[in-house]
Amino acid sequence: MSQKFRLESGGLINRDKPVTFSFNGHELKGYDGDTLASALIANGVHLVGRSFKYHRPRGIMSAGPEEANALLQLGEGAYTEPNARATMEELFDGLVATTSNAFPTVKYDIGEVNSLFSKIFVSGFYYKTFMWPSKAWKFYEHFIRKAAGIGKAPEEHDPDFYDKTNAFCDVLVVGGGPAGLSAALSAAATGAHVTLVDDQPRFGGSLMAQSGQEIDGKPALEWVDEAEAKLHDLDNVQVLRRATAFAYYDHNYVGIWERLTDHLPVKPEGLPRHRVHMMRAKQVIIASGAIERPLVFCDNDRPGIMLASACRTYVNRFGAKPGNKGVIFTNNDSAYATVLDLIDAGIEIKAVVDVRKDPLGPLMEKADAAGVKILTNSAVVGTSGRLHLKSVEVAELSDDGETAKSDVTEIACDFLGSSGGWNPTVHLHCQAGGKLDFDEERGAFVPAPSNRTNPNISVGSCKGAFGLADCLAQGFEAGQEAAKAAGIKFRKSGKAPTAEAVDEGNRRLLWLVPGKKPLGQSGKHFIDLQNDSTAADLQLALREGYRSIEHVKRYTTTGMATDQGKTANVNALAIVAQTLNEAIPTVGTTTYRPPYVPVTFGAIAGRDIDDLLDPARTTPMHSWHVNAGAEFEDVGQWKRAWYFPQPGEDMHAAVNREVAAMRNSVGILDATTLGKIDVKGKDAAEFLNRVYTNAWTKLGIGKCRYGLMLGEDGMVMDDGVTSRIAEDHFLMTTTTGNAAPVLGHLEDYLQTEWTDLEVYLTSVTEQWATASIAGPNARALLSELTDDIDLSNEALPFMAWTPGTVAGIPARVFRISFTGDLSYEIAVPADYGLALWQALMTAGSKYDITPYGTETMHVLRAEKGFIIVGQDTDGSITPVDLNMNWIVSKKKGDFIGKRSLDREDMSDPNRKQLVGILTDDPKEVLPEGAQLVEVVKDKPPMDMVGWVSSSYWSPNCDRSIAMALVHGGLKKMGQKLYSPQADGRVIECTITDTVFYDKEGNRQNG
Amino acid sequence: MLLIECPHCGPRAETEYAGCSEAHIARPESGGLDMTDAEWVEWVFWRKNTKGVYLERWNHAAGCRRWINCMRDTVTNEILATYKAGEKPPKIADAEREYKF
Ligand SMILES: [Zn+2]
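Residues numbered from 1 in each chain as written. Chains lettered and ligands numbered in written order. Predicted model: local features only at pLDDT ≥ 70, side-chain atom pairs only at ≥ 80, totals over all residues. Heavy atoms only, no water.

Engineer: Sorry, what's going on with the nonpolar core here?
Structural biologist: The tendency in soluble globular proteins is for nonpolar side chains to be buried side by side. Residue and element names in this part refer to chain A. Ranked by internal contacts, the top residues of the largest apolar core, which has 49 residues, are Phe21, Phe23, Leu36, Leu40 and Tyr314. The leading source of residues in this core is helix α1 (residues 36-42), at six residues. Here this core gathers at least three residues from each of two domains, domain 1 (1-152) and domain 3 (293-360 + 369-421 + 506-587). Residues contacting Tyr314, with those up to four places away along its chain left out, are Ala37, Ser38, Ile41, Ile60, Ser62, Ala63, Thr87, Met306, Gly319 and Ala320. (Core = buried A, V, L, I, M, F, W, Y, C linked by side-chain atoms within 4.5 Å. Buried < 20%, exposed > 50% of the residue type's maximum accessible area, 1.4 Å probe, protein only. Helix = DSSP H or I, 4+ residues; strand = E, 2+ residues; numbered from the N terminus. Domains from an automatic or database assignment. Contact = heavy atoms within 4.5 Å.)

Engineer: So what exactly am I meant to see when it comes to the side chain of His625(A) here?
Structural biologist: Residue and element names in this part refer to chain A. Within the secondary structure layout, His625 lies in helix α16 (residues 622-627). Taking relative accessible area as the criterion, His625 reaches 2% and is therefore assigned buried. Side chain to side chain, His625 and Asp670 meet in a polar contact 2.9 Å long. (Polar contact = N/O pair within 3.5 Å; in protein donor to acceptor, adjacent residues only side chain to side chain.)

Engineer: What's the story with the pairing of strand β49 (residues 986-992) of chain A in this structure? I'm lost.
Structural biologist: Within a regular beta strand, the side chains point alternately toward one face of the sheet and then the other, so they alternate between its two faces. Residues and elements named next belong to chain A. In terms of residue burial, β49 counts as a mostly covered element, since five of its seven residues are buried. Where strand β44 (residues 912-919) lies against β49, four bridges are found, and the strand directions are antiparallel. Each bridged residue has a counterpart across the sheet, and for Gly916 the counterpart in β49 is Thr992. As judged from the five bridges shared by strand β48 (residues 976-980) and β49, these two strands associate in the antiparallel manner. When the bridges of β49 are listed, Pro980 appears paired with Val986. (Pairing = 2+ DSSP bridges.)

Engineer: Would you mind showing me how to read the coordination of the zinc ion here?
Structural biologist: Coordination angles at a metal have ideal targets, namely 109.5 degrees for four tetrahedral donors and 90 or 180 degrees for six octahedral donors. Residue and element names in this part refer to chain B. Taken together, Cys6 (SG), Cys9 (SG), His60 (ND1) and Cys64 (SG) make up the protein donors of the zinc ion, found 2.0 to 2.3 Å from the metal. Geometry at the zinc ion is tetrahedral, judged from the four donor atoms that bind it and their angles of 106 to 113 degrees at the metal. Counting the intervening residues between successive donors of the zinc ion yields the motif C-x2-C-x50-H-x3-C. Placement of the pair is Cys6 in strand β1 (residues 3-6) and Cys64 in the loop between β4 (53-59) and β5 (67-73), with a sequence separation of 58 residues. Residue Cys6 is classed as buried on the basis of its relative accessible area of 1%. (Donors = N, O, S within 2.8 Å, 3.2 Å for Na, K, Ca; no water. Tetrahedral: all angles 85-135°; square planar, octahedral: opposite > 155°, others 65-115°.)

These figures capture arrangement, not role.
Structural data, given as structure tokens:
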């Protein structure tokens, strides 16, 4: 029979809307308004999974975000989602759920044999058992991960899309229970911009689980509906349902995870699945409620054993019975509310097992009057039932509560609700840096006032105020206070909603309920159900010397599962405190970190995926390169043409062809991406003097000069050619990847150190497109495209530039060379870049003009020994190390890096220095990054003397060439070095100078 | 994520800024040419790593691109003041407080 545990009436479910879903292949029915968990319970399904280490059968244990057992795999194919908490998933038609951690089925799971080996799964079992011998770990790891893997991630690309929004408000209210609604109403009445978020589909919070509550003389849920309608009508209020405030970051920056379509059978087109609201709130009111904590007793993990409050929620909110005959186990009065509601629903309560000697409380009195069997000073000391709870064993407690008397009564039952009191949900308060106070009476951590960095107010049961009357009053007051603190001019906002105050009764804090035998000798006292850690594990960790609660947590993995120990942590630290004979606040809590609940990666990524992950910068000639079949490489955010393969060519073949073609006739490179900074102002030359190592004041207008830029530490940070446009005007170029940092570096000095200099910097990288033509025919080609530029060596010598017209386009022509050959860099306004390129290609066809990419550029410059900053330098290399003393002015006074170059360490002759490397076998190309040694040993370690920074096959030298940074390399010319390879080979090579081609440097003159 | 008040632009999210270490470390007029190696190394490399109120620089890189100064408590991330480059830190009564743990 379907839904045989559904009550005849009651609950906030829509009985006119039945819903069909599937669980482990079985088709089941539920109602609209159910959660997956409540529908399973209505169908009598408790057994939903297997535990992490011991594969013990586990059932639904809660009705909220704290669920530690019912983590199911939802959906199929690309839409599948692991580890979904059945208690938080709204039921919809067609929902498919399966048990994750069981093989082959949840009823017969071969992993259950782990239980027999439980001695090896004690605290720190990963460390103890599997770390030695190291080879065994590989075997064990495979086995363990397979057994322990809770869910399966989808293998396909996520077909859903997700949104992210930046949001602002005066007052953010987290939680739509009585305290939160009261707070939102009073804050909204002041005119403040209020956002109210709640993780459920409807407001009311704990009121949905209760019965008989009244607010302002009305049934509580009626008041909730009116409050919601009122808030809905206000323009200054934003209301988000199915939205969890999952993270509280500095300066009141709160991440809110809203689920828009998960609950819908048909997902509407154009609606994101989830949306993350990154909310900057002036004030935050936290009304996140409280989570009941279970009692820790022997074999407390069987399906059918739940939180008492969850039993009540299933009955009142969902009209679903946790069972037919139950036992309630408690240390406080609140569980009697469950008792009373369950009796009203016709469920038999076989007994209430109450650890208190003299229980006090109005609810207990009512239950007593109703004839409920109450066993005081008693405890559940054992349970039985393999796949479902069948009975519990009850015994009277000793006076100190540390042991149970031997006279045991067995009570048959099919569910047990336990209540060890309530833990205020202080997660957000703590994430915000708030401290906690310990409420001795209730055995609960409660929030201290917030710090000034993250102004917030906790209200209601997350503040330790568990009564409805207090929740409403605190919420109302906080709403006004927060609005005022947010700078809203105070307007009187009515009066606080009221409810009857109820006495909470007394409690007996019994953190570890004794079993029939001493702890660990029979049965298990589970603390963390999801990670399968027990009270015995905690005590073992303490015996082994762990003291800090943070260490105990990690060693036993208590609280480290996806529920982050919402029902485990306080019990764990109380038991640790008790074992160490320390006060609970002395032991302290572990750190609360975001996220409060698991958030999908999709929601966190939002739209920042694929092409939108990082912008791609392309040059005006990019489309030409694409059409020409270029391969691209990323340089910073730029897409640079890497090489232009012709049909059948690999990179090696293409580069060899491009390199030779440039040296033989003419090649063309897109040099647009080089950083360009316009430097203007009457002190521009003086400024360059201070930021480069060489002298700039005497550079003539129309002339260009290469410069090395150092940091204050004397290390090379960038290089490039700077040209003088006018007396007070220069154009600086930087390396492609360094353009932004160099601009920042220069701006820093102008703004903060040399404020007296009149210099203006403008980034013009994107304003100019640059084509570089190089090779013996470069001049002939260019002369065909210009009639107003005299290209003779006299008129436009090496390291000079001139304005003019190229292919009818106004241009700046720079005669500079990174190839060592005759070369012109032609810069035109960016919009003309493609036209210039096409004109050069057309006119160049008779010279077989060859486009080349960055790889060929690297080979060409290496043939000439030109460095690439960031490849041949690594932030620890000075100009002297590069054998570039010539560029460091000895005459000029201060410049950035000068003082550091004079440090004693800098003149150490044994510093790493840039040298050329030639392999003895000319066909052998050293891998870049290869280590170099002087003495080869049988096996590592060997004394490394340097490493290869650049290495290529040079078609023009017809051999391999390389550069390396070698200790004392400059005085080791001709010396042999060895490069041991990973495969055991040793490549022999010799130190040379760095210029491999055209040593006289004649080619750049054409 | 911090909310930093740029003295030129107003309150802006931390993602608009680049962090830049300790403030008020003026570059010596001489460029250090009259300093010993030890003094110079001290200036180049050594910065405070204060637990408590710290004076630091931020660059409003994705905003006005100006360097600003910031007085921040490194324990709580409370920002006690921001002010323009070249200005002296404002006097704030509890900027002197110390943290004891
Ligand atoms: Zn700014």
